[in-house]
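So you can see what is in the structure, the chains are spelled out below.
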Amino acid sequence: MSEFSNPNLEVLISSEEIQQRIKQMGADVARDYAGLNPLLIGVLKGACIFLSDLMRAADIPLGLEFIAISSYGASMRTSGEVRILKDLDVAIEGRHILVVEDIVDTGLTLSYLLANLKSRGAASVKLAALLDKFERREKEVPIDYLGFPIPDKFVVGYGLDFAERYRNLPFIAVVRDPEV
Ligand code: 5GP
(Lines give C-alpha, C1' and ligand atoms only; values in the text may rest on other atoms or scores of the structure.)
Protein backbone atom coordinates (compact mmCIF):
# COMPACT_ATOMS: atom_id res chain seq x y z
CA MET A 1 0.00 0.00 0.00
CA SER A 2 1.30 3.45 -0.90
CA GLU A 3 1.95 5.68 2.09
CA PHE A 4 2.25 8.92 0.08
CA SER A 5 -1.19 8.53 -1.57
CA ASN A 6 -2.84 7.11 1.53
CA PRO A 7 -6.53 8.24 1.38
CA ASN A 8 -6.44 8.78 5.13
CA LEU A 9 -4.17 11.81 4.54
CA GLU A 10 -5.42 15.26 3.55
CA VAL A 11 -2.60 17.30 1.99
CA LEU A 12 -2.29 20.72 3.61
CA ILE A 13 0.96 21.98 2.02
CA SER A 14 2.31 20.34 -1.13
CA SER A 15 5.89 19.26 -1.69
CA GLU A 16 6.29 21.95 -4.41
CA GLU A 17 5.05 24.71 -2.08
CA ILE A 18 7.46 23.57 0.64
CA GLN A 19 10.46 23.46 -1.70
CA GLN A 20 9.69 26.89 -3.13
CA ARG A 21 9.31 28.46 0.31
CA ILE A 22 12.48 26.86 1.69
CA LYS A 23 14.51 28.17 -1.27
CA GLN A 24 13.45 31.70 -0.29
CA MET A 25 14.15 31.07 3.39
CA GLY A 26 17.61 29.72 2.56
CA ALA A 27 18.37 32.82 0.50
CA ASP A 28 17.24 35.01 3.42
CA VAL A 29 19.47 33.09 5.83
CA ALA A 30 22.44 33.34 3.44
CA ARG A 31 21.94 37.10 3.07
CA ASP A 32 21.53 37.76 6.82
CA TYR A 33 24.41 35.54 7.97
CA ALA A 34 26.98 36.31 5.26
CA GLY A 35 30.43 36.40 6.90
CA LEU A 36 29.12 35.24 10.31
CA ASN A 37 29.68 31.46 10.01
CA PRO A 38 26.41 30.63 11.82
CA LEU A 39 25.82 27.39 13.69
CA LEU A 40 22.56 25.72 12.72
CA ILE A 41 21.06 23.68 15.56
CA GLY A 42 18.46 21.14 14.49
CA VAL A 43 15.93 20.00 17.07
CA LEU A 44 15.59 16.20 16.79
CA LYS A 45 13.83 14.42 15.36
CA GLY A 46 11.13 16.42 13.60
CA ALA A 47 13.33 19.15 12.13
CA CYS A 48 15.68 16.79 10.27
CA ILE A 49 14.12 17.07 6.80
CA PHE A 50 13.47 20.81 6.99
CA LEU A 51 17.02 21.33 8.28
CA SER A 52 18.62 19.34 5.48
CA ASP A 53 16.70 21.27 2.82
CA LEU A 54 17.20 24.67 4.49
CA MET A 55 20.96 24.30 4.83
CA ARG A 56 21.32 23.25 1.20
CA ALA A 57 19.41 26.39 0.20
CA ALA A 58 21.78 28.63 2.22
CA ASP A 59 24.90 29.13 0.11
CA ILE A 60 27.34 30.33 2.83
CA PRO A 61 29.83 28.64 5.21
CA LEU A 62 27.94 27.32 8.26
CA GLY A 63 28.17 24.69 11.00
CA LEU A 64 25.71 22.01 12.10
CA GLU A 65 24.71 20.64 15.51
CA PHE A 66 21.78 18.69 16.91
CA ILE A 67 19.90 18.83 20.19
CA ALA A 68 17.17 16.50 21.48
CA ILE A 69 14.64 17.60 24.07
CA SER A 70 11.93 15.72 25.89
CA SER A 71 8.28 16.29 25.28
CA TYR A 72 6.77 17.44 28.53
CA GLY A 73 4.19 15.79 30.74
CA ALA A 74 1.34 17.65 32.42
CA SER A 75 3.49 19.03 35.25
CA MET A 76 6.27 20.24 32.94
CA ARG A 77 3.64 21.91 30.77
CA THR A 78 2.79 24.42 33.51
CA SER A 79 6.38 25.06 34.56
CA GLY A 80 7.49 25.28 30.95
CA GLU A 81 10.50 23.17 31.83
CA VAL A 82 11.99 20.89 29.21
CA ARG A 83 14.59 18.15 29.60
CA ILE A 84 17.61 18.02 27.29
CA LEU A 85 18.04 14.40 26.15
CA LYS A 86 21.00 14.99 23.83
CA ASP A 87 23.03 18.15 24.26
CA LEU A 88 25.27 19.99 21.79
CA ASP A 89 28.76 18.59 21.18
CA VAL A 90 30.41 22.03 21.16
CA ALA A 91 30.51 25.26 23.18
CA ILE A 92 28.55 28.06 21.52
CA GLU A 93 30.03 31.11 23.25
CA GLY A 94 30.36 33.94 20.74
CA ARG A 95 28.64 31.95 17.96
CA HIS A 96 25.68 33.11 15.91
CA ILE A 97 23.02 30.43 16.46
CA LEU A 98 20.10 29.59 14.22
CA VAL A 99 17.76 27.06 15.85
CA VAL A 100 15.88 25.02 13.25
CA GLU A 101 12.55 23.56 14.40
CA ASP A 102 9.70 21.83 12.60
CA ILE A 103 6.73 23.51 14.29
CA VAL A 104 5.99 26.06 17.00
CA ASP A 105 2.82 25.14 18.83
CA THR A 106 2.39 26.41 22.42
CA GLY A 107 5.90 27.87 22.28
CA LEU A 108 6.87 26.28 25.62
CA THR A 109 9.65 24.08 24.21
CA LEU A 110 11.20 26.82 22.11
CA SER A 111 11.06 29.58 24.72
CA TYR A 112 12.94 27.29 27.11
CA LEU A 113 15.46 26.23 24.49
CA LEU A 114 16.16 29.74 23.20
CA ALA A 115 16.71 31.06 26.75
CA ASN A 116 18.98 28.10 27.51
CA LEU A 117 21.13 28.74 24.44
CA LYS A 118 21.34 32.49 25.14
CA SER A 119 22.56 31.73 28.68
CA ARG A 120 25.55 29.89 27.18
CA GLY A 121 26.92 33.16 25.81
CA ALA A 122 25.95 32.91 22.14
CA ALA A 123 26.49 36.11 20.15
CA SER A 124 22.94 35.81 18.80
CA VAL A 125 20.14 33.24 18.87
CA LYS A 126 17.46 33.20 16.17
CA LEU A 127 14.78 30.74 15.15
CA ALA A 128 13.75 29.20 11.84
CA ALA A 129 10.51 27.19 11.93
CA LEU A 130 8.74 25.49 9.06
CA LEU A 131 5.26 25.74 10.61
CA ASP A 132 3.58 28.09 13.06
CA LYS A 133 0.41 27.00 14.86
CA PHE A 134 -0.06 30.56 16.11
CA GLU A 135 -3.56 30.07 17.57
CA ARG A 136 -2.16 27.74 20.24
CA ARG A 137 0.60 30.00 21.52
CA GLU A 138 1.01 30.19 25.31
CA LYS A 139 4.51 31.70 25.38
CA GLU A 140 5.64 34.39 22.97
CA VAL A 141 8.38 33.11 20.66
CA PRO A 142 9.80 35.33 17.91
CA ILE A 143 10.11 33.33 14.68
CA ASP A 144 12.80 35.00 12.56
CA TYR A 145 12.34 32.75 9.52
CA LEU A 146 8.90 31.17 9.05
CA GLY A 147 7.75 28.74 6.39
CA PHE A 148 3.97 28.69 6.79
CA PRO A 149 1.37 29.71 9.39
CA ILE A 150 -1.12 26.83 9.78
CA PRO A 151 -4.51 26.33 11.46
CA ASP A 152 -4.90 24.50 14.77
CA LYS A 153 -4.76 20.96 13.37
CA PHE A 154 -2.43 18.06 14.14
CA VAL A 155 -0.15 17.73 11.12
CA VAL A 156 2.28 15.06 9.93
CA GLY A 157 4.87 14.64 7.21
CA TYR A 158 8.12 16.27 6.20
CA GLY A 159 9.74 15.12 9.46
CA LEU A 160 6.65 15.37 11.67
CA ASP A 161 5.25 12.12 13.01
CA PHE A 162 2.19 10.54 14.52
CA ALA A 163 3.47 7.74 16.80
CA GLU A 164 6.71 7.70 14.71
CA ARG A 165 4.82 7.21 11.44
CA TYR A 166 4.58 9.61 8.45
CA ARG A 167 7.94 11.41 8.89
CA ASN A 168 8.87 10.40 5.33
CA LEU A 169 5.94 12.11 3.59
CA PRO A 170 7.30 14.77 1.18
CA PHE A 171 4.31 17.02 2.04
CA ILE A 172 2.47 18.26 5.15
CA ALA A 173 -0.86 16.54 5.80
CA VAL A 174 -3.66 16.16 8.31
CA VAL A 175 -4.55 12.61 9.37
CA ARG A 176 -8.28 12.16 8.81
CA ASP A 177 -8.70 9.17 11.14
CA PRO A 178 -5.88 8.58 13.68
CA GLU A 179 -7.19 5.05 14.29
CA VAL A 180 -6.42 3.89 10.71
P1 5GP B 1 5.41 23.47 21.68
O2 5GP B 1 6.36 23.48 22.83
O3 5GP B 1 5.57 24.65 20.76
O4 5GP B 1 3.99 23.29 22.14
O5 5GP B 1 5.66 22.11 20.92
C6 5GP B 1 6.48 21.94 19.88
C7 5GP B 1 6.63 20.46 19.59
O8 5GP B 1 5.38 19.75 19.70
C9 5GP B 1 7.08 20.29 18.17
O10 5GP B 1 8.48 20.30 18.07
C11 5GP B 1 6.47 18.94 17.81
O12 5GP B 1 7.35 17.92 18.21
C13 5GP B 1 5.22 18.85 18.64
N14 5GP B 1 4.02 19.22 17.85
C15 5GP B 1 3.25 20.31 18.02
N16 5GP B 1 2.25 20.36 17.12
C17 5GP B 1 2.39 19.27 16.33
C18 5GP B 1 1.67 18.74 15.19
O19 5GP B 1 0.67 19.29 14.69
N20 5GP B 1 2.13 17.58 14.67
C21 5GP B 1 3.22 16.91 15.16
N22 5GP B 1 3.57 15.78 14.55
N23 5GP B 1 3.92 17.37 16.23
C24 5GP B 1 3.52 18.53 16.81
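Structure report, in brief. (Residues numbered from 1 in each chain as written. Predicted model: local features only at pLDDT ≥ 70, side-chain atom pairs only at ≥ 80, totals over all residues. Heavy atoms only, no water.)

What follows is about the pattern of salt bridges. In this structure the tally under the stated criterion is 13 salt bridges. Its salt-bridge partner being Asp 32, residue Arg 31 comes within 2.9 Å of it at the nearest N-O pair. Shared partners join several salt bridges into a network, and the residues in it are Lys 45, Asp 161, Glu 164 and Arg 167. (Salt bridge = Lys/Arg side-chain N within 4 Å of Asp/Glu carboxyl O.)

On to the packing of helix 1 (residues 15-32) against helix 2 (residues 48-56). Axes are the key here: two packed helices are described by the angle between their axes and the distance separating the axes. Between helix 1 and helix 2, the shortest axis-to-axis distance is 8 Å and the interhelical angle comes to 55 degrees. Taken together, the axes of helix 1 and helix 2 lie oblique to each other. Considering the relative orientation of helix 1 and helix 2, their crossing is right-handed. Residues Gln 19, Ile 22, Met 25 and Gly 26 of helix 1 form the contact with helix 2, whose own contacting residues are Phe 50, Asp 53 and Leu 54. For the contact of helix 1 with helix 2, the residue count by class is 4 nonpolar, 2 polar and 1 charged. (Axes fitted to C-alpha atoms, helices over the stretch in contact; angles between N-to-C directions. Helix = DSSP H or I, 4+ residues; strand = E, 2+ residues; numbered from the N terminus. Parallel < 35°, antiparallel > 145°, perpendicular 65-115°, else oblique. Left-handed = near helix turned anticlockwise from the far one by under 90°. Contact = heavy atoms within 4.5 Å. Nonpolar A, V, L, I, M, F, W, Y, C, P; charged D, E, K, R; others polar.)

Secondary-structure assignment places Gly 157 in the loop between strand 8 (155-156) and strand 9 (172-175). Take Gly 157: its relative accessible area is 0%, and that puts it in the buried class. With residues up to four places along the chain from it excluded, the contact list for Gly 157 reads Tyr 166, Arg 167, Leu 169, Phe 171 and Ile 172. (Buried < 20%, exposed > 50% of the residue type's maximum accessible area, 1.4 Å probe, protein only.)

Pairing between sheet strands relies on hydrogen bonds along the backbone, with the strands arranged either parallel or antiparallel. Strand order in this open sheet of 3 strands is 1-9-8, and the pairing throughout is antiparallel. Only two strands of the sheet have a single partner each, and these edge strands are strand 1 (9-13) and strand 8. In this sheet, strand 9 lies alongside strand 1 in antiparallel orientation, the contact comprising 4 bridges. Its bridge partner lying in strand 9, Ile 13 is registered against Ile 172. (Pairing = 2+ DSSP bridges.)

Scanning all chains against the criterion turns up 1 aromatic pair. On the basis of an interplanar angle of 75 degrees and a centroid distance of 6.0 Å, the ring pair of Phe 154 and Phe 162 is categorised as edge-to-face. The class of Phe 154 is partly exposed, set by a relative accessible area of 48%. Accessibility expressed as a relative area gives 32% for Phe 162, which makes it partly exposed. (Phe/Tyr/Trp six-rings, centres within 6.5 Å; stacked < 30°, edge-to-face > 60°.)

A separate point is the site of the ligand. Lining the immediate environment of the ligand, one finds 16 residues, of which Asp 105, Thr 106, Thr 109, Val 155 and Asp 161 sit closest. Interatomic distance of 3.1 Å between a side-chain N/O atom of Asp 102 and an oxygen atom of the ligand. Between the ligand and the protein, one listed contact pairs an oxygen atom with a side-chain N or O atom of Thr 106 at 2.5 Å. Burial of the ligand by the protein amounts to 84% of the accessible area it has alone, namely 510 Å². Mapped onto the shell around the ligand, the elements with two or more residues apiece are strand 5 (96-104) and helix 4 (108-118). Per element, the largest residue contribution to the shell around the ligand is 4 residues, and it comes from strand 5. Tallied by class, residues from the shell around the ligand come to 7 nonpolar, 3 polar and 6 charged. (Near = heavy atom within 4 Å. Polar contact = N/O pair within 3.5 Å; in protein donor to acceptor, adjacent residues only side chain to side chain. Areas by Shrake-Rupley, 256 points an atom, 1.4 Å probe, with all protein chains shown as cover.)

Here the focus is the pairing of strand 9. Along strand 9, one buried face is formed by Ile 172 and Val 174 and the opposite face, lined by Ala 173 and Val 175, is buried too. Of the strand pairs in this sheet, strand 8 and strand 9 are connected by 2 bridges, and their pairing is antiparallel. Directly across from Val 156, in strand 9, lies its bridge partner Ala 173.

On their own, these measurements won't tell you what the molecule is for.
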